[in-house]
Amino acid sequence: MPLDPAFTTPGRFFKGNLHTHSNRSDGALEPEAVCAAYREAGYDFLTLTDHFLPTYGFPITDTRPFRTNSFTTILGAEVHAPATSLGELWHLLAVGLPEDLAHTAPDETAPQLARRCLEAGAFLAIAHPGWYGLTKADADTIEGAHAVEIYNHTSHVRCDRGNGSALLDQLNAAGRRIGLCAVDDAHFHCRDYFGGFVMVKARDNEPDALVASLKAGTYYSSQGPAIEDVVYGEDSVEIACSPASVVMVLGRGSTAAHELGDGLTRVTLPLARLKAGGYARVVVADKEGRRAWTNPVWW
Ligand SMILES: [Zn+2]
Ligand SMILES: [Zn+2]
């Protein structure tokens, strides 16, 4: 029986945003103001991921001075290398980097850069695939990535290309076993913040513990709804959540099951049609259409 570690591992959930920019790259606000905005909005942690590019001096923005007793930060960056199959600069999200990460060499490829971030201990996500038309063949070259951004809020707000589920499902249908995350990618030039976040299960709200939980898949992602429990049984999955209008379980290809209703908080869905495909993931949507997503589990 598959286990979703977000709901079987001890600890509590901490709310965080993994992808954000400050004026150390192309964001509008000082790092201190970005941290304050998330802290005051009730987030437990934030990763400032400024663009790790020569034009900005390869920033690993130091957010450590803005940590408090109840709010922490993880050092990270959005790293870049040439070139996707459409000839554009790669964007990769690296959460949990050393402050002295070596600068990207002009001839470094995206797979090499990804490997270097992973070796440095980062949680690595394939950023906003919908935004720039990233293909499965592109994503296949980034070995060891932990997640695909299933939702990137700024891409949704600014160009209706925030959704990464098609790439995620193609990778997993091909046997990749990759997770997902929802992020803001906020730049604060417009209302592109507080739209996508992760709920990470950890013992403490401490950077190393949070990164370890992310790498282990011990979290779920959301635009608002809470997923309180997910228990996979032999032939069904039980989901407990905040009041929902639809609860779904999705598998390989078109396989899926769902229940529609008003204020659903406990749902049991059949898995018979999904098991042969090898994996399943749960999606909860509230009456405003906001989603929450578990990571996939595999039989
Ligand atoms: Zn980007
Ligand atoms: Zn970004």
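Anything mentioned here points back to the structure above.
Let me sum up the structure you'll find in this document. The shown structure was predicted, so the numbers you read here are calculated from the model rather than taken from an experiment. (Residues numbered from 1 in each chain as written. Chains lettered and ligands numbered in written order. Predicted model: local features only at pLDDT ≥ 70, side-chain atom pairs only at ≥ 80, totals over all residues. Heavy atoms only, no water.)

Looking now at helix H7 (residues 207–215). Taken together, the buried positions of H7 are Pro207, Leu210, Val211, Ser213 and Leu214. Down the axis, H7 shows its buried residues gathered within 160° of arc, on one side only. Looking one or two places after H7, you find Gly217, whose phi comes out positive at around 75°. (Buried < 20%, exposed > 50% of the residue type's maximum accessible area, 1.4 Å probe, protein only. Helix = DSSP H or I, 4+ residues; strand = E, 2+ residues; numbered from the N terminus. Arc of directions from axis to C-beta.)

For the coordinates displayed, the defined rule picks out 0 disulfides. The thiol sulfur of Cys117 is not disulfide-bonded, and the nearest other cysteine sulfur, from Cys181, lies at 14 Å. With relative accessibility at 0%, the residue Cys181 sits in the buried group. (Disulfide = S-S within 2.5 Å.)

Further remarks concern the environment of Phe58. Examined against the element boundaries, Phe58 turns out to sit in the loop between strand E3 (51–52) and strand E4 (72–79). Residues Phe58 and Arg115, spaced 57 residues apart in sequence, show a C-alpha to C-alpha distance of 18 Å.

Take helix H6 (residues 165–173) next. Leu167, Leu168, Leu171 and Asn172 are the residues of H6 that are buried. End-on, the buried residues of H6 take up no more than an arc of 125°, which puts them together on one face. Elements in contact with the buried residues of H6: strand E6 (123–126), helix H4 (136–140), strand E7 (147–152), strand E8 (179–183), strand E14 (279–285) and strand E16 (297–298). (Contact = heavy atoms within 4.5 Å.)

Take the coordination of the zinc ion (ligand 2) next. Distances from the zinc ion (ligand 2) to its protein donors, His19 (NE2), His21 (NE2), Glu78 (OE) and Asp185 (OD), fall at 2.1 Å. If you look at the zinc ion (ligand 2), its 4 donor atoms make angles of 81 to 170° with each other, and the shape they trace is irregular. Each donor residue of the zinc ion (ligand 2) lies on one chain, and together they are spaced H-x1-H-x56-E-x106-D. Taken as a pair, the zinc ion (ligand 2) and the zinc ion (ligand 1) show a spacing of 3.5 Å, with Glu78 coordinating each metal. Taken together, the residues span a long stretch of sequence, with His19 in the loop between strand E1 (12–17) and helix H2 (31–40) and Asp185 in the loop between E8 and strand E9 (197–202) at a distance of 166 residues. On the accessibility criterion, Asp185 (4% relative accessible area) is buried. (Donors = N, O, S within 2.8 Å, 3.2 Å for Na, K, Ca; no water. Tetrahedral: all angles 85-135°; square planar, octahedral: opposite > 155°, others 65-115°.)

Another aspect to go through is the coordination of the zinc ion (ligand 1). Distances from the zinc ion (ligand 1) to its protein donors, namely Glu78 (OE), His91 (ND1) and His128 (NE2), fall within the range 2.0 to 2.2 Å. On the primary sequence, the residues serving as donors to the zinc ion (ligand 1) are separated as E-x12-H-x36-H. Assessed through its relative accessible area of 3%, His128 is described here as buried.

On to the layout of surface pockets. Put simply, the largest pocket is a space of about 250 Å³. Every residue lining the largest pocket is counted, 18 residues in all, and those nearest its centre are Gly179, Ala216, Gly217, Pro296 and Trp298. Elements supplying a minimum of two residues to the lining of the largest pocket: H7 and E16. Estimated volume of the second largest pocket: approximately 220 Å³. Lining the second largest pocket are 16 residues; nearest its centre among them are Ile150, Asn163, Ser165, Arg291 and Trp293. Sorting the residues of the lining of the second largest pocket by element identifies E7, strand E12 (236–250), E14 and strand E15 (291–294) as the ones contributing at least two each. Classifying every residue of the lining of the second largest pocket by side-chain character gives 6 nonpolar, 6 polar and 4 charged. (1 Å grid on protein atoms, 1.4 Å probe; cavity = no way out; pocket = protein on both sides within 12 Å on 5 of 7 lines; lining within 4 Å. Points joined across faces, edges and corners; volume = space filled by probe spheres on them. Nonpolar A, V, L, I, M, F, W, Y, C, P; charged D, E, K, R; others polar.)

This part takes up the packing of aromatic side chains. For the coordinates displayed, the defined rule picks out 15 aromatic pairs. One aromatic cluster in this structure is built from Tyr38, Tyr43, Phe188, Tyr193, Phe194 and Phe197. When the ring centre of Phe197 is taken as reference, the NZ or CZ atom of Lys15 above it lies at 4.3 Å. If you follow Arg39 out to its NZ or CZ, it ends over the ring of Phe71, 5.9 Å from the centre. (Phe/Tyr/Trp six-rings, centres within 6.5 Å; stacked < 30°, edge-to-face > 60°. Lys NZ or Arg CZ within 6 Å of the ring centre and 35° of its normal.)

Moving on, we come to the nonpolar core. Grouped together as the largest cluster of nonpolar side chains are 38 residues, with contacts concentrated most on Leu92, Leu97, Cys117, Leu124, Ile126 and Ile142. Once residues within four sequence positions are removed from consideration, Leu124 is found in contact with Leu92, Leu93, Ala94, Ala114, Cys117, Leu118, Ile142, Ala145, His146 and Ala147. If you look at the next biggest cluster of nonpolar residues, it comprises 37 residues, including Met199, Val230, Val249 and Val297. (Core = buried A, V, L, I, M, F, W, Y, C linked by side-chain atoms within 4.5 Å.)

Turning our eyes to something else, we now look at the pairing of strand E5 (residues 92–95). Alternating positions in E5 separate into two faces, Leu92 and Ala94 on one and Leu93 and Val95 on the other, with burial throughout. Sheet topology note: the E4/E5 ladder contains 4 bridges and is antiparallel. Counterpart to Ala77 in the pairing with E5 is Ala94. Where E5 meets E6, 4 bridges bridge the pair, whose relative direction is antiparallel. Residue pairing for E6: Leu92 is matched across the bridge by Ile126. (Pairing = 2+ DSSP bridges.)

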